[in-house]
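# Fold and geometry: a report
Spelled out, the chains give:
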Amino acid sequence: MTDILLKTSNLTVVYPTKRGAFKALDDISIEIETGKIVGLVGESGAGKSTVGRAVLDLIDAPGYIAEGEIDFQGESLIGKSNDFFTQIRGRKVGYVFQNPMTALDPVMTIGKQVLEAIYANTDLKGEQAYERALDLLTQTRIKDPKDVMEKYPHQMSGGMCQRVVFAIAISANPDLIIADEPTTALDVSVQRSVMDTLIDLCRQYKISVMLVTHDIGVISEYCDFVYVMRHGKHVEQGPTQEVINHPKQDYTRNLMAAVPRLSKRLDRFRVLETVTDAQSKAREVILRYFQESDFPDNDELLLQVDKASCIFNTKSGFFGPPKTTIGLDTVSFTQNRKEILGIVGESGSGKSTMGRAILGLQRLNSGSITYKGTSLTDNNGRAITKDIRLSMQCIFQDPFSSLNPRMTAGENVTFPIRTHKLLPDWLSAKELAENLMLSVGLEASAAYRYPQEFSGGQRQRIAIARAMAFRPEFIFCDEPTSALDVSVQAETLNLMKDLRDQYHLTLLFVSHDLAVVRQMCDRIIVMRNGAICEIANPDQIIENPSHDYTRSLIAAMPKLDLSA
Amino acid sequence: MTDSKIKDFFRDVIFGDPMTALGFVGVVLFLLVALFAPIIAPQNPYDLGAISIMDGQLAPGESLMDGTIAIFGTDEQGRDILSTIIYGLRISLFVAITASTIGTAIGIYLGLISAYYGGVVDSIVMRLVDVKMSFPGILLALMLLALMGQGVEKVILALIIGIWASKARVTRSAALGEIRKEYMRAAQLAGLSANQIILRYLLPNSIAPVIVMLPMIISGAIAAEATLSFLGVGVPITEPSLGMLIANGFDYLLTGYWWISILPGVVLVVLVLCINVVADRIREYANPALRHETM
C-alpha cells in the first residue's frame, strides 16, 4: 500500500490501577491511507476512542503508551514534546468531539471561536480571516453564517453546533480528522445530514477521517475500511462491505446479528443466549407468582388516551414573560392488552411526556386517560387505587441512575413489595429477589450485590426485574436500550419480548430508533412537537409512510444493507 | 461498608499519609483521655478536699505539698493544671460532639424535606437558613446565651443553632441532584410514602457531603465553645472547659503566671489541629474527582 497517512503498529496503552496495569489498547495496528475514511467500531470499553487520543497525545494521566509506534506522514509521534504536538493538533489533525454542546466554549460567540482557530493555525489576519470563517461556516452548510457568527452556542441546536465544530476542525486544512462519535449526541433526524456534511467536506478536500463509532449503520454507510475492536484488542479488519456482510470472527458475526434492521422484521435477535436450568425454574416460579394476581389473558382494550394535552411553562429570565412550550397536543390513541405499542420521535416530540402522563408523573392540562375502565385523570386521579398504581410500572432510560445505589439489587427490587406487604405466603422476599434475578438472566447471587457492581446492561435487567416485582400489567419503557451496547440491546429486547409472551404484559415502548421499534412493536405511533403524525403497523410505517415527517425519519436512518 | 472496605479506608486514607496518621493518633488519644479523665488525671481539681491553696501558682515542674510533681504547674487555687486540662477536655469534647451531631442531624433533616417537598416548605426552610446566615455566628451565640444564661445545655443549644443552617443548605443541594434521578421516579411509582422515600432513598444518597464535613464541624464547635467560654457566656465556672481555663488564667498572664492560660490554649490548638488534619484528608478522599483514581 502506498501513501499511508497514519500508521500505528503494536500500539499498547496502559492505565496503571491498584489491581495492576489495565491495557486500554493491546497491540493495535491500524493504517489510514490519504483521503480514505476509516472506521473504528466496537462496543463500550473497546478502546476505540483511545486510539484517536493516543495519536494526539491526549491520553489522560496516569495512562501512557507502553509500547508501539505511531507514524504520521512518515514521522514518529512517540516521545515528541508538547510543542511538537501543538503544531500537529488543529493544523494537521482536526478533532471532532462527541458532544458539540460541551466542545464549544459557552461564553464565546461562534465567530470568535472559529476566528480563534483560524488565527492559531493559519497566517490569515483581519478581514481575510473573517472571510475565511464565513466561508468555512458556509461550507459546513450553516444557514445565515453572518448571524451565526454573533451567536452563542446555547442559542443553536446540537446539529448546528456540531457543524461549527467541523468548521473549526477543517479551518487549517488538516490532513486527518479524528471524529469521535460525531453524531451520537445528536437527534436522529439530523444525524444523517450532519454526517453527510462532514464526509462530503472531507472527500472534497481529500482529508482522511478516523471515524470512531459504535454505530454499525454509520460505518456501513460512510467508511471505506473498518477495524473492529473489542476490549482494547483488534478483532477484525477489512473493506467495510466485506466485514459487514461476511464477518470472519464470531464476535463480529454476533455484533452484526444484534443490529436492529429497518428493512426486515425478525421474531428475535439472533444472539447467543443460554438459559440455564436454574433460570428456567425461576421463570416458572415467577410465572406462578404472576398467575396468582389473575389478570385476564385477552386482547381487550387496556389503555385509552383521549385528546391529551399539556403545556409547560418556563420562565425566560428573571423578569421576562413566561414562555410556554407544548408538551402534548391533543394526543389520542388506544392500546390493547398484550400489545407492544411503540412511540418514536426526536427529542422534544412529547413521547416521554406521554408515558409520564399515563404513569401520573405529569399532569395534563386537558384530555383524559382511561386505564382498565378507570379514569386516571378525573378529579386529579382520585380514582387511582394502590392496585392500579402498582400495576403500571416503568423501565427507565438511564440504568446508571434508575437504581438506588445504597440498596442491593435485591432490596431495590423487593423493598416496595415488602413495604406494601404484597408478598404471597409461599414466597419470601429473598426468594422473590433471587428468582427475579434468574428470570431476567442474571445469577441468583446478583440480588446481594450493589448496582455499582454491574454493567449497564445488567443494571437494565435489574430495572426490568424491579418492574416485574409488582406483577404489573402495563410497563412503560422509556428508551430502555438507548444507553446500551448493541449486543446488550439485542439481549434486552429479546428478554422484554419473552416477558410479554410469558406474563401477558402490555408494553408502551418509547424510542428514537425506528429500527428498534420496528423489531419490537405491534403498532407504531410517530410523534412530533407533541402531536401524533401517524399511527400504523410497522410494515406500513416503514414501507408506506403516509406522513412527510415519517418519511424524513426513515430517510435519516443509516441504511444497513445486509445479506442477513 | 464491609469490613474489608473499612480496612482499606484505614490503610489508604488514614495511615497512607504520615501527617494524617499522626493527627488520627492524636484524636484517639484525646478521646481516650477525655473518656477516662478520672483515672488518668493526677487529682480531681474540683474536689475541694484534694486541692490545697498552699499549692497555688506553682510553675510547671515544681512539687506540690504532698511531694507529687505538677508537670503543668498549678493555678491560684492550687489546682493541678494538667488535671484541669484533662477535665476541661472532657467538657469541651462532650459539648462539641453533642452539638455537632444534633445540629448536623437537624440540618440534614430540614435539607431533605426542603428538597423533597419544595414549594412552601422549601421557601420557609431556606428563608430561615438565610436569616440565620445573615447573623455573624459568634454574635448570634452571644445574644442567645445572654438571654438564656449560662449552662452546658445552653451552650450546646447555642452551638446547634449556629450549626444547622449551612448543613441544611448543603444537604438540600445534594438531595436536589438526587431527586432528579430516575430511581426517585421508580420509588414514586412503587407507591412508597414520602417518609419511606426520604429515609431509604433520599437520605443515604444525599448525606455524604455533610458527613464528610462532620469532623470539621466538631473542631469548629470546639473552637466556638472555647470562644464563648472565654468571653464568659459559655459553660459555668463549676464545669470549666478548655476555653474557660484560658479565660481564668488570662488575668494572671501579665503577672508572669503564663502556664495557667497558655497550656490549656496549646492543648486546644493541638486538638483542633489534629481533627482538622484528619478531616481534610477524609474530605480529599471523598472528593469524587480525586477518588476516581483510587478506585
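Scoring rules and cut-offs
Just so you know, the residues in each chain are numbered from 1, in the order the chain's sequence is written. Here the convention is simple: chains get letters from A, ligands get numbers from 1, in the order in which they are written. In keeping with the predicted nature of the model, local features appear solely for residues at pLDDT of at least 70, side-chain atom pairs appear and are counted solely at 80 or more, and the whole-chain, interface and lining totals rest on all residues. Working from all heavy atoms in the structure, the side-chain values ignore hydrogens and water. Elements are defined by DSSP. Helices are runs of H or I of four residues or more, strands are runs of E of two residues or more, and each kind is numbered from the N terminus. Note on contacts: a residue pair is in contact if any heavy atoms of the two residues lie within 4.5 Å. Positive charges are assigned to Lys and Arg, negative charges to Asp and Glu, while His and the chain termini are left out of the count. Lysine's charge is taken at NZ, arginine's at CZ, aspartate's at CG and glutamate's at CD. What counts as a salt bridge is simple: a side-chain nitrogen of Lys or Arg found within 4 Å of a carboxyl oxygen of Asp or Glu. Expected span of a helix: the number of residues minus one, times 1.5 Å. Two axes enter the bend calculation: one fitted to the seven residues ending at the residue in question, the other to the seven starting there, and the bend is the angle between them. Each domain's extent is set by a domain assignment, obtained either automatically or from a database. When two parts are put together, the accessible area they lose, computed with a 1.4 Å probe and summed over both, is reported as buried area. In protein, a polar contact requires one atom able to donate a hydrogen and another able to accept it; more generally it is a pair of N or O atoms within 3.5 Å, and residues adjacent in sequence count only if both atoms are side-chain atoms. Amino acid classes used here: Ala, Val, Leu, Ile, Met, Phe, Trp, Tyr, Cys and Pro are nonpolar; Asp, Glu, Lys and Arg are charged; the rest, including Gly, are polar. For every element, the axis is a line fit to its C-alpha atoms; helices are fit only across the contacting stretch, and the angle between N-to-C directions ranges from 0 to 180 degrees. Crossings are classed by handedness, with left-handed meaning an anticlockwise turn of the near helix from the far one by less than a right angle and right-handed meaning a clockwise turn. Like-charged residues are merged into a patch within 9 Å and nonpolar side chains (Val, Leu, Ile, Met, Phe, Trp, Tyr) within 5 Å, provided each residue has over 30% relative accessible area and no salt bridge. Only the protein chains shown count as cover for residues, and all accessible areas are computed by the Shrake-Rupley method using a 1.4 Å probe. Here, any two strands with at least 2 DSSP bridges between them count as paired. Only protein chains enter the area calculation, which uses a 1.4 Å probe; residues under 20% of their type maximum are buried, those over 50% are exposed, and those in between are partly exposed. To form a nonpolar core, buried Ala, Val, Leu, Ile, Met, Phe, Trp, Tyr and Cys residues must be joined to one another through side-chain atoms within 4.5 Å.

### Describing the overall build of chain A
- Scanning chain A from terminus to terminus reveals 21 helices and 20 strands.
- Each of the three principal axes of chain A carries a C-alpha extent, and together these read 75 × 55 × 45 Å.
- A fraction of 70% describes how many contacts in chain A between residues 6 or more apart in sequence connect residues 24 or more apart.
- Positive and negative side-chain charges of chain A, numbering 62 and 70 respectively, have mean locations separated by a distance of 4 Å.

### A few points about the pattern of salt bridges
- Inspection of every chain in the model, using the stated rule, returns 28 salt bridges over all chains.
- Asp 224 of chain A serves as the salt-bridge partner of Arg 203 of chain A, at 3.5 Å between the closest nitrogen and oxygen. Of this pair, Arg 203 of chain A sits in helix 8 (residues 188–205) while Asp 224 of chain A sits in the loop between helix 9 (216–222) and strand 9 (225–230); the two residues are 21 residues apart in sequence, bridging distant segments of the chain.
- In this structure, Arg 127 of chain B engages Asp 130 of chain B in a salt bridge whose closest nitrogen and oxygen atoms are separated by 2.9 Å. Of the two residues, Arg 127 of chain B and Asp 130 of chain B both sit in helix 5 (residues 119–133), three residues apart, roughly one turn of that helix.
- Shared partners join several salt bridges into a network, and the residues in it are Lys 23, Asp 26 and Lys 233 of chain A.

### Description of helix 7 (residues 152–179) of chain B
- In this model, helix 7 of chain B (28 residues) spans 39 Å end to end at C-alpha, consistent with the 40 Å of a helix rising 1.5 Å per residue.
- Trp 164 of chain B marks where helix 7 of chain B bends most, by close to 30 degrees.

### Some points on the domain arrangement of chain A
Residues and elements named next belong to chain A.
- Each assigned domain of chain A is listed here: domain 1 (4–257) and domain 2 (278–556).
- For domain 1 versus domain 2, the separation of C-alpha centres amounts to 36 Å.
- Regarding the contact of domain 1 and domain 2, the summed buried area is about 870 Å², with carbon and sulfur atoms giving 50% of it.
- Connecting domain 1 to domain 2 are zero salt bridges.
- Inspection of the domain 1/domain 2 interface yields three residue pairs in polar contact (both at pLDDT 80 or more).
- No other element matches helix 8, which puts three residues into the side of domain 1 that touches domain 2.
- A class-by-class count of the residues in the side of domain 1 that touches domain 2 yields two nonpolar, two polar and three charged.

### Some words on the packing of helix 4 (residues 81–117) of chain B against helix 7 of chain B
All names here are of chain B.
- In the contact formed by helix 4 and helix 7, the axes pass within 5 Å of each other and the chain directions differ by 35 degrees. In the packing of helix 4 onto helix 7, the handedness of the crossing is right-handed.
- Of the residues assigned to the contact of helix 4 with helix 7, the class counts are 21 nonpolar, eight polar and two charged.

### Considerations on a nonpolar patch on the surface
Residues and elements named next belong to chain B.
- A cluster of nonpolar side chains, contributed by Ile 6, Phe 10, Phe 15, Val 25, Val 28, Leu 29, Leu 32, Leu 35, Phe 36, Ile 39 and Ile 40, occupies part of the molecular surface with about 990 Å² of accessible area.
- Of all the secondary structure elements, the ones that give two or more residues to the nonpolar patch are helix 1 (3–14), helix 2 (18–35) and helix 3 (37–40).
- Residue contributions to the nonpolar patch peak at five residues, all from helix 2.
- Residue placement: Ile 6 occurs in helix 1.

### Description of the sheet that holds strand 19 (residues 523–528) of chain A
Residue and element names in this part refer to chain A.
- Taken in spatial order, the six strands make up an open sheet running 16-17-18-13-19-20, and their pairing is mixed. Strand pairing shows two members of the sheet lacking a second neighbour, strand 16 (392–395) and strand 20 (531–536), which therefore form its edges. Within the sheet, the average angular offset between the axes of one strand and its neighbour, ignoring direction, is 20 degrees.
- Judged from the four bridges that link them, strand 13 (residues 340–344) and strand 19 form a sheet pairing that is parallel. Residue pairing in the sheet places Gly 342 in a bridge with Ile 524 of strand 19.
- Against the sheet, helix 18 (residues 486–503) engages strand 13, strand 16, strand 17 (474–478) and strand 18 (506–511), with an angle of about 155 degrees to strand 18.

### Remarks on the interface of chain A and chain B
- Each side of the interface is counted separately: chain A has 25 residues, and chain B has 17 residues.
- When the two sides are added together, the surface that chain A and chain B hide from each other amounts to roughly 2,000 Å², 59% of it contributed by carbon and sulfur.
- Across the contact surface, chain A and chain B share one salt bridge.
- Notably, a salt bridge pairs Arg 200 of chain B with Glu 411 of chain A, separated by 3.1 Å at the nearest N-O pair.
- Looking at the side of chain A that touches chain B, the elements that each hand over two or more residues are helix 13 (351–359), helix 14 (386–391), strand 16 and helix 15 (409–419) of chain A.
- At four residues, the largest contribution of residues to the side of chain A that touches chain B is made by helix 15 of chain A.
- Classifying every residue of the side of chain A that touches chain B by side-chain character gives 11 nonpolar, seven polar and seven charged.

### Let's talk about the pairing of strand 7 (residues 176–180) of chain A
All names here are of chain A.
- Taking burial as the measure, the five residues of strand 7 include five buried ones, the bulk of the element.
- Burial of strand 7 is two-sided: the residues Leu 176, Ile 178 and Asp 180 facing one way and the residues Ile 177 and Ala 179 facing the other way are all buried.
- Of the strand pairs in this sheet, strand 6 (residues 93–96) and strand 7 are connected by four bridges, and their pairing is parallel. Each residue of the ladder has a partner; that of Gly 94, found in strand 7, is Ile 177.
- As paired elements, strand 7 and strand 8 (residues 208–213) share five bridges and run parallel to each other. For Ile 178, the partnering residue across the bridge sits in strand 8 and is Met 210.

### Topic: the nonpolar core
- Ranked by internal contacts, the top residues of the largest apolar core, which has 129 residues, are Met 468, Phe 509 and Leu 514 of chain A together with Tyr 201 of chain B.
- Of the residues that make up this core, three or more belong to each of domain 1 (4–257) and domain 2 (278–556) of chain A.
- Once residues within four sequence positions are removed from consideration, Leu 514 of chain A is found in contact with Leu 262, Val 344, Ile 541, Ile 542, Leu 553, Ile 554 and Met 557 of chain A.
- In this structure, Ile 14, Ala 96, Ala 141 and Val 278 of chain B belong to the second largest nonpolar core, which totals 47 residues.

### A few points about the side chain of Arg 459 of chain A
All names here are of chain A.
- In this fold, Arg 459 is placed in helix 17 (residues 456–469).
- Salt bridges are absent for the buried Arg 459, whose nearest opposite-charge side chain, Asp 398, sits at 6.6 Å.
- Reaching out from Arg 459, the side chain makes a polar contact with the backbone oxygen of Pro 451 at a distance of 3.1 Å.
- A distance of 3.4 Å separates a polar side-chain atom of Arg 459 from the backbone oxygen of Phe 454.
- Sequence-distant contacts of Arg 459, defined by excluding residues within four places in its chain, comprise Pro 399, Phe 400, Leu 403, Pro 451, Gln 452 and Phe 454.

### A short note on the environment of Leu 302 of chain A
Residues and elements named next belong to chain A.
- Structurally, Leu 302 can be placed in strand 11 (residues 301–315).
- The buried category is assigned to Leu 302, whose relative accessible area is 2%.
- In this structure the C-alpha to C-alpha distance between Leu 302 and Thr 370, which are 68 residues apart in sequence, comes to 8.1 Å.
- Residues within four places of Leu 302 in sequence aside, it is in contact with Gln 335, Asn 336, Arg 337, Thr 370, Tyr 371, Lys 372, Glu 473, Phe 474 and Thr 506.

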